[in-house]
Amino acid sequence: MDLPFVTLDVFTDRTFGGNPLGVFPDAAHLPTGLMQRVAREMNLSESVFLGPPETSGDARVRIFTPGIEVPFAGHPTVGTAIWLASLLDDAPAEGTRTLVLEENVGPVPVDVRFDDGEPVFARFTTALLPEHRPSPVADAELARLVGLEASDLHPGLRPEMVSCGLPFYVIPIASLDAIRRAALDTALWQRLVAPLWADHVYLICTETEGKSVDVHVRMFAPAAGVPEDPATGSAAAALGGYLSKADGCEAGTLHWTVEQGLEIGRPSLLQVEADRSRGTTSAVRVGGSAVFVSRGVMSVPD
């Protein structure tokens, strides 16, 4: 059996940046075990398998890392929406079109922006509002987990577990120098974090490299077979919930530009928004660009 696929680089406007994504059109009917094997063969942070919508959306979307299927992920959502938008017969020359992706977490609406008839940017709204859980691990142990000292943790922001569909262990770091030096101790991770609700480790820092950037981040996901991710939209959604709660404003829309992937040579930019209403987070959105990179066919046993 031959499976056509395309690849895109997501959360970037140029090839060799961002997070690579594999997209397999008309493949959601495949057995789950085969999807997982194909994703492991692709060996990208995520691969997606598309099929006809099952309800009122535009496509059924299943998302796999090399190790597991995930209910929701950001760069597959942005990349898939831009790919599907490129196939529209009635695409607008300018403006925005909303697509709804049916992911395991539920329907995810994605606004795709067009310039000169081409999809250039996509922003999704999370299907779930942020869920917050306190950090169960002592600060000193969290610092050791990523090869740092307790003094390298941010003095004003607290570690917390947050999810908008996929849980992340958010660990605020005090300086750009410290977050650059961080390295995950996988043996300590196995003991401290692997059994927890949030086993993806997400380091954040308010010192940045880019002049118009608000947050520098890194993400480690050993359980998913991803040693370090170049760009993580689902983590950026959790970050929006985390920073929205930390801000605490009564009402309004908060905006952040997030940089990721610089330490591994895949510079990425993510745009994050959070709406506040009556003192709580009422919506989270994450957006970015994507570029097409390659087309191919994978031959797999029938």
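The rules behind the values
Residues numbered from 1 in each chain as written. Predicted model: local features only at pLDDT ≥ 70, side-chain atom pairs only at ≥ 80, totals over all residues. Heavy atoms only, no water. Helix = DSSP H or I, 4+ residues; strand = E, 2+ residues; numbered from the N terminus. Rg over C-alpha atoms; globule rule 2.2 N^0.38 Å. Contact = heavy atoms within 4.5 Å. Areas by Shrake-Rupley, 256 points an atom, 1.4 Å probe, with all protein chains shown as cover. Expected span 1.5 Å × (residues − 1). Buried < 20%, exposed > 50% of the residue type's maximum accessible area, 1.4 Å probe, protein only. Polar contact = N/O pair within 3.5 Å; in protein donor to acceptor, adjacent residues only side chain to side chain. Salt bridge = Lys/Arg side-chain N within 4 Å of Asp/Glu carboxyl O. Pairing = 2+ DSSP bridges. 1 Å grid on protein atoms, 1.4 Å probe; cavity = no way out; pocket = protein on both sides within 12 Å on 5 of 7 lines; lining within 4 Å. Points joined across faces, edges and corners; volume = space filled by probe spheres on them.

Asker: Whenever I open this one, the overall build of the protein confuses me. Can you help?
Answerer: Check the secondary structure of the protein and you find six helices and 18 strands. A compact globule built from 302 residues would reach a C-alpha radius of gyration of about 19 Å, and the protein, at 19 Å, matches this within 12%. The contacts of the protein with a sequence gap of at least 6 include a subset with a gap of at least 24, amounting to 63%. Summing over all exposed atoms, the protein offers an accessible surface of approximately 12,300 Å²; the carbon and sulfur share of this is 51%.

Asker: Can you help me understand the environment of N43 in this one?
Answerer: Residue placement: N43 occurs in the loop between helix 1 (32-42) and strand 3 (46-51). In the structure, N43 is positioned 124 residues away from P167 in sequence and 22 Å away in space, judged by C-alpha atoms.

Asker: What is the right way to look at helix 2 (residues 74-86) in this model?
Answerer: Note that an α-helix has 3.6 residues per turn; residues three or four places apart therefore point the same way. Spanning 13 residues, helix 2 covers 19 Å between terminal C-alpha atoms, matching the ideal 18 Å at 1.5 Å per step. Most of helix 2 sits out of view: 12 of its 13 residues are buried. All of the buried residues in helix 2 are G74, H75, P76, T77, V78, G79, T80, A81, I82, W83, L84 and A85.

Asker: Mind showing me how you'd approach the side chain of E160 here?
Answerer: Its location among the elements puts E160 in strand 10 (residues 160-163). Classification of E160 as buried rests on a relative accessible area of 9%. Polar side-chain contacts of E160 include one of 3.3 Å to the side chain of H132. A polar side-chain atom of E160 sits 2.6 Å from a polar atom in the side chain of K245. Among all residues touching E160, those that are not within four sequence positions of it are H132, R133, S135, F168, Y169, V170, Y242 and K245.

Asker: Quick question: what am I supposed to make of the environment of D177 here?
Answerer: In this fold, D177 is placed in helix 4 (residues 176-181). Judged by its relative accessible area of 45%, D177 falls in the partly exposed class.

Asker: Explanation requested: the side chain of S175 in the structure shown.
Answerer: By the secondary structure assignment, S175 is in the loop between strand 11 (167-172) and helix 4. The class for S175 is buried, based on a relative accessible area of 19%. Ignoring anything within four residues of it in the chain, the contact list for S175 reads C205 and E207.

Asker: Sorry if this is basic, but what is going on with the pattern of salt bridges here?
Answerer: Side-chain pairs of opposite charge can arise where the charged atoms are in close proximity. Overall, the coordinates contain 18 salt bridges when judged by the stated rule. Among the ionic pairs, D90 bridges to R97, the shortest N-O distance being 3.4 Å. Here E263 ties to R218 by a salt bridge, and the two come within 3.9 Å at their closest N and O atoms. Taken together, the positions of E263 in the loop between strand 15 (252-260) and strand 16 (268-277) and R218 in strand 13 (residues 215-221) put the pair 45 residues apart, joining distant regions of the chain. If you follow the salt bridges from partner to partner, you end up with R123, E273, D275 and R285 in one network.

Asker: What's the story with the environment of D302 in this structure? I'm lost.
Answerer: Along the polypeptide, D302 turns up in the segment after strand 18 (290-299). Along the primary structure D302 and D2 are separated by 300 residues, whereas in three dimensions their C-alpha atoms are 9.0 Å apart.

Asker: Looking at this model, I keep getting lost on the pairing of strand 10. Mind explaining?
Answerer: Regular strands place side chains that alternate from one sheet face to the opposite one. Residue alternation in strand 10 divides its side chains into two sets, E160 and V162 and M161 and S163, and both sets are buried. Bridging between strand 9 (residues 131-134) and strand 10 involves four bridges; their strand directions are antiparallel. The residue bridging H132 from the neighbouring strand is V162, located in strand 10. By the bridge criterion, four bridges tie strand 10 to strand 11 in an arrangement that is antiparallel. Across the sheet, residue M161 finds its bridge partner in strand 11, namely Y169. What sits between strand 10 and strand 11 in their antiparallel hairpin is a turn of three residues, with G165 showing a positive phi close to 130°.

Asker: Can you help me understand the layout of surface pockets in this one?
Answerer: Gaps left between atoms show up when a probe the size of a water molecule is rolled over them. Of the volumes computed, that of the largest pocket is approximately 270 Å³. As for the largest pocket, its lining consists of 18 residues, of which F11, T12, P267, S268 and L269 are closest to the centre. Every element with two or more residues in the lining of the largest pocket is listed here: strand 16 and strand 17 (280-288). Broken down by element, the lining of the largest pocket gets its largest block of residues, three residues, from strand 16.

Asker: Would you mind showing me how to read unusual backbone geometry here?
Answerer: Negative phi characterises most residues that are not glycine, and trans characterises most peptide bonds. One non-glycine residue, F11, lies in positive phi territory at about 70°. Phi is positive for R278, close to 55°, though the residue is something other than glycine. You can see R278 is positioned in the loop between strand 16 and strand 17.

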